[in-house]
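Chain by chain, the residues:
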Amino acid sequence: MNLLQDIIVVDFSQFLSGPSAGLRLADMGARVIKIERPGIGDICRQLYVSDTRIEGESTIFHAINRNKQSYAADLKNAEDLEKVKKLIRHADVVLHNFRPGVMERIGLDYEKVKEIKPDIVYGEVSGYGTEGPWKDLPGQDLLVQGLSGLTWLSNNQNARPTPMGVSVVDILAGTYLTQGILAALYRRGVSGRSALVQVSMMEAVLDFQFEVLTCHFNDGRQLPLRSQVSNGNAYIPAPYGIYKTREGYLSLAMGDIPKLARLLQCPPLEKYTNSAEWFDRRDEIKGMLAGHLLTQTADEWLSVLQPADIWCAKVMDYHDLMQQIGYKVLNMELKVKTSNGLSIRTTRCPIRIDGAIAASDRGAPLLGEHNQLIDAQFGLS
Amino acid sequence: MNEPLPLHGLTVLEFSQYLSGPSAGLRLADLGARVIKIERPGTGDACRRLSIKNLWVDGDSLLFHTINRNKESFTANLKSADDMSTIRKLITRADVLTHNFRPGVMEAAGLGYADVQRLNPRLVYGAISGYGKEGPWKDLPGQDLLLQSMSGLAYTTGNEKDHPMPFGLSIADSLCGAQLVQGILAALVRRGKTGQGALVEISMLETLLDFQFEFLTTYHSSGQLPRRSRYNNGNPLLSAPYGIYATADGHIAIAMVNIPQLARATGSAELAIYDQDQAFSHRDEIKATLAQHLAAQPTSYWLERLHAEDMWAMEVLDWKKLTAHQGYKILEMEQAITTARGKSLVTTRCPIRIDGRRLFSGKPAPSLGQDNERIVMELLK
């Protein structure tokens, strides 16, 4: 039996944070029903990326919304709202990422939904929580990264604040919401209690920085100082970072500098025998390493370092990665089909259960594709 | 306010070290589970000796305290028959076990899933690896920077001409732990219905591939590698102006906005020549033009104009400015913890709110083996 078999999720969320939570619940066996505005639907359907479209819709919509159903309903129309409320009677989870106050105005906030379904697990993602000066501002990934201090951790010391190039805040917030929802579903199984689960994107990105923020709170509130050369992590000593070689790039994690000096035949580095210097003089050490590593190819360096158990790797792009057996054995690619016959290659759920990968081939739904089915099944009309 | 936390009554045995597995344990603890670290006598979790900025508390690194608060510690030598007999007794009473050893290590210790399932068929067994259990990479070190380098992620951050650039935080570790929590909790939901345990496995590489699902789906569809923009890259998938820009006195983040509207709001004649449908095709040009224009005035000047038109923009803060802001303070994200020896430290709390309640826990990280006696007494009952 799938872990979340028979769990019904009524998902009002759009874009990435909420829908990525819905996706993971679907991957683990839940039935996820997207409630979408007639005519337009989840705005993500129109969010084109890199000029790549599938069937007139953005590739990312298909990535985020595979294995879900779509029910089109206008929440401002009394008749549609009534149907949605009837549907919620059958739901285990309700999920949304509207700004604070929107669900209250519609009459689908936690207290109201609890009247419809007393043991509901109600999950919501906000940008900045439900109070304070930021609460009505857009909870958008790049903006939250910029506010949270995160952008002072990547790139080199003199570079401008640099955002992480993936929507990391959306994805973390969705992941934490899923954790809270599942913990609440577990409790409901024990006690029958409903739950309200709230995650804000700001709290999620602060949690993501918990190690370095805790350092900041206890070191006299100093700001992070990125290394000048090949910064990998502002708090980790040399050689931690990515280096250019004669051909390709090499990454070096934590390592003993004199040992590296010998293996790489770089005598000037041998003098750094005191490990405290690997942090205090990391720019100087990394500068020398960066110069020296240019003299041979990444593969040549790896052939020396890997047998000596140095933590190192070749830097790969997607073309390189997908040639590798180590990638292929993961079976990470998934082909899904939409109801109009379109086939899309995407990634599967990364979690294996009882040794098996979850690989539903259902693609993203067309807008309103499941209205008839759901109306009939739950007697909504 | 005295409602039990969602995971109240559950016991987790944590055989994990460093960050990926222990961050999963921390979340389970914050959601109400009792988490017992099983550690090697004398040394324990290697993270106890791994410091950042040379910060130590009660003889262990501040880093260890950050990741392992709200847990207990039980020391056991897995090579001693006596200790193993105690471990087996603990397993019969536990609900969850986690580990992040390399493939084969737990099996060699007699604690593989098959062994443990015989002792306790209800147990949910969570295992983290670097690269999965098979293939040429399975025995390589599952280290965060190396995983970032191998998974293509290093080509998402920084500008086009920069070296491949890692995220300045341990994204693979943190996210892998978070994904493991999802699998474990979903398995506990199923166990509540069927009584059956589960094996939940995830690798750091699969985690990072899942994390890049929007990029990979776009890549599979177009065959094109993601291209970081030449200037002010925010996310390679997104069109101009998405990125962070220098102003006369700081930095501003601008997300998805309409180009002609942006030209009007910022009063830029140079920008006004571009149409919205050039946002991808002329991305570098538009960004360079905007960057030059924004450098002329302070952040507040631009924010006022952009917010007047509801455009998605925010100032970029560092931790000093962030933590002084009312929007941060109202989250109450910090918590003070007093260690066993009376030392006080400040860290972050769990980012998930349950039933409107922030989850604080003042329980400090355990000293090595501090709970041995009590746990042995409990087992005798």
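A brief report on the enclosed structure follows.

The rules behind each value
- Here the residue numbering is sequential within each chain, running from 1 through the sequence in written order.
- Whichever chain is written first becomes A and whichever ligand is written first becomes 1, with later ones labelled in order.
- For this predicted model, a pLDDT threshold of at least 70 governs which residues receive local features, and a threshold of 80 or more governs which side-chain atom pairs are given and counted, while totals over whole chains, interfaces and linings are taken from all residues.
- By definition, any uninterrupted DSSP run of H or I lasting at least four residues is a helix, any uninterrupted run of E lasting at least two residues is a strand, and each is numbered from the N terminus.
- Here contacts are defined at the residue level, using C-beta atoms placed from the backbone and a cut-off of 7 Å between them.
- Note on definitions: angles span 0 to 180 degrees between N-to-C directions of axes, and those axes are lines fitted to C-alpha atoms, for helices only across the stretch in contact.
- Just so you know how the angles are binned, under 35 degrees is roughly parallel, over 145 roughly antiparallel, 65 to 115 roughly perpendicular, and the rest oblique.
- A crossing counts as left-handed when the near helix is turned anticlockwise from the far one by less than a right angle, and as right-handed when that turn is clockwise.
- For two strands to be treated as a pair, DSSP must find at least two bridges joining them.
- Exposure criterion: with C-beta atoms placed from backbone coordinates, a residue whose C-beta has 20 or more other C-beta atoms within 10 Å is buried, one with 12 or fewer is exposed, and one in between is partly exposed.
- Under the convention adopted here, Pro, Cys and the residues Ala, Val, Leu, Ile, Met, Phe, Trp and Tyr are nonpolar, Asp, Glu, Lys and Arg are charged, and Gly plus all remaining residues are polar.

1. Quick look at the overall build of chain B
Thought 1: Secondary structure assignment for chain B yields 15 helices and 15 strands.
Thought 2: Counting only C-alpha atoms and orienting by the principal axes, one finds that chain B spans roughly 80 × 50 × 45 Å.
Thought 3: Within chain B, contacts between residues at least 6 apart in sequence are counted, and of these 67% link residues at least 24 apart.

2. Concerning unusual backbone geometry
Thought 1: Cis geometry is found at the peptide bond from A238 of chain A to P239 of chain A, where omega equals 10 degrees.
Thought 2: By the secondary structure assignment, P239 of chain A is in the loop between α9 (210-218) and β9 (241-244).
Thought 3: P241 of chain B follows A240 of chain B through a cis peptide bond whose omega is 5 degrees.
Thought 4: Of note, Q265 of chain A is a non-glycine position whose phi angle comes to about 55 degrees, a positive value.

3. A closer look at the packing of helix α7 (residues 168-191) of chain A against helix α7 (residues 171-194) of chain B
Thought 1: Running from amino to carboxyl end, α7 of chain A crosses α7 of chain B at an angle of 25 degrees, the nearest separation of the two axes being 9 Å. One way to sum up the angle between α7 of chain A and α7 of chain B is to call them roughly parallel. The chirality of how α7 of chain A crosses α7 of chain B is left-handed. For the pair α7 of chain A and α7 of chain B, the contacting residues are V168, T175, Y176, T178, Q179, L182, A183, L185, Y186, G189 and V190 of chain A in the first and I171, L175, A178, Q179, V181, Q182, L185, A186, L188, V189 and G192 of chain B in the second.

4. So, the environment of E309 of chain B
Residue and element names in this part refer to chain B.
Thought 1: Looking at where E309 falls in the secondary structure, it is placed in the loop between α12 (299-308) and β11 (313-315).
Thought 2: For E309 and L262, which are 47 residues apart along the polypeptide, the C-alpha to C-alpha distance reads 9.1 Å.
Thought 3: Beyond its immediate stretch of four places on either side in the chain, E309 contacts Q261 and A265.

5. Remarks on the sheet that holds strand β15 (residues 357-358) of chain B
Thought 1: A sheet is described by the order of its strands in space; here eight strands give the open sequence β5(A)-β2(A)-β1(A)-β6(A)-β7(A)-β8(A)-β14(B)-β15(B), paired in mixed fashion. Both outer strands of the open sheet, β5 (69-72) of chain A together with β15 of chain B, are each paired with one neighbouring strand and no more.
Thought 2: As paired elements, strand β14 (residues 353-354) of chain B and β15 of chain B share two bridges and run antiparallel to each other. Each bridged residue has a counterpart across the sheet, and for R353 of chain B the counterpart in β15 of chain B is R358 of chain B.
Thought 3: Its contacts with the sheet put α7 of chain A on β6 (93-96), β7 (121-126) and β8 (195-200) of chain A together with β14 of chain B, and the angle it makes with β8 of chain A is roughly 165 degrees.
Thought 4: Strand contacts of helix α8 (residues 201-208) of chain A: β7 and β8 of chain A, with the helix running at about 70 degrees to β8 of chain A, the strand carrying the most contacts.

6. Some thoughts on the interface of chain B and chain A
Thought 1: Residue-level contacts link 112 residues of chain B with 114 residues of chain A.
Thought 2: Per-element tally for the side of chain B that touches chain A: the top contributor is α7 of chain B, with 16 residues.

7. Remarks on the pairing of strand β8 (residues 198-203) of chain B
Thought 1: By the criterion of burial, β8 of chain B is predominantly enclosed, with six of the six residues buried.
Thought 2: What you see with β8 of chain B is no split at all: A198, V200 and I202 of chain B on one side and L199, E201 and S203 of chain B on the other are buried throughout.
Thought 3: Note that strand β14 (residues 352-353) of chain A and β8 of chain B share two bridges and pair antiparallel. Bridge pairing in β8 of chain B links R352 of chain A to E201 of chain B.
Thought 4: Relative to β8 of chain B, strand β7 (residues 124-129) of chain B runs parallel, the two sharing six bridges. Across the sheet, the residue bridging to Y125 of chain B is L199 of chain B, located in β8 of chain B.

8. Some words on the packing of helix α1 (residues 17-27) of chain A against α7 of chain A
Residues and elements named next belong to chain A.
Thought 1: With their axes 7 Å apart at the nearest point, α1 and α7 run at an angle of 50 degrees to one another. Taken as axis vectors, α1 and α7 run oblique relative to one another. In this structure, α1 meets α7 at a crossing whose hand is right-handed. Packed against α1, whose contacting residues are S17, G18, S20, A21, R24 and L25, the element α7 presents D170, I171, A173, G174, L177 and T178 at the interface.
Thought 2: In terms of residue class, the contact of α1 with α7 is built from five nonpolar, five polar and two charged.

9. Considering the environment of D310 of chain B
Thought 1: Following the sequence through the fold, D310 of chain B ends up in the loop between α12 and β11.
Thought 2: Each C-alpha atom, one on D310 of chain B and one on V257 of chain B, is 9.6 Å from the other, the two residues being 53 residues apart in sequence.

10. Overview of the sheet that holds strand β11 (residues 312-314) of chain A
Residue and element names in this part refer to chain A.
Thought 1: Read from one edge of the open sheet, three strands run β9-β10-β11, paired in antiparallel fashion. The sheet terminates laterally at β9 and β11, the two strands that pair on one side only. Averaged over all pairs of adjacent strands, the angle between strand axes in this sheet comes to 25 degrees, irrespective of strand direction.
Thought 2: As paired strands, β9 and strand β10 (residues 249-252) are joined by four bridges and run antiparallel to one another. Opposite Y243, over in β10, you have L250 as the bridge partner.
Thought 3: Contacting β10 and β11, helix α13 (residues 298-305) crosses the sheet at an angle of about 150 degrees to β11.

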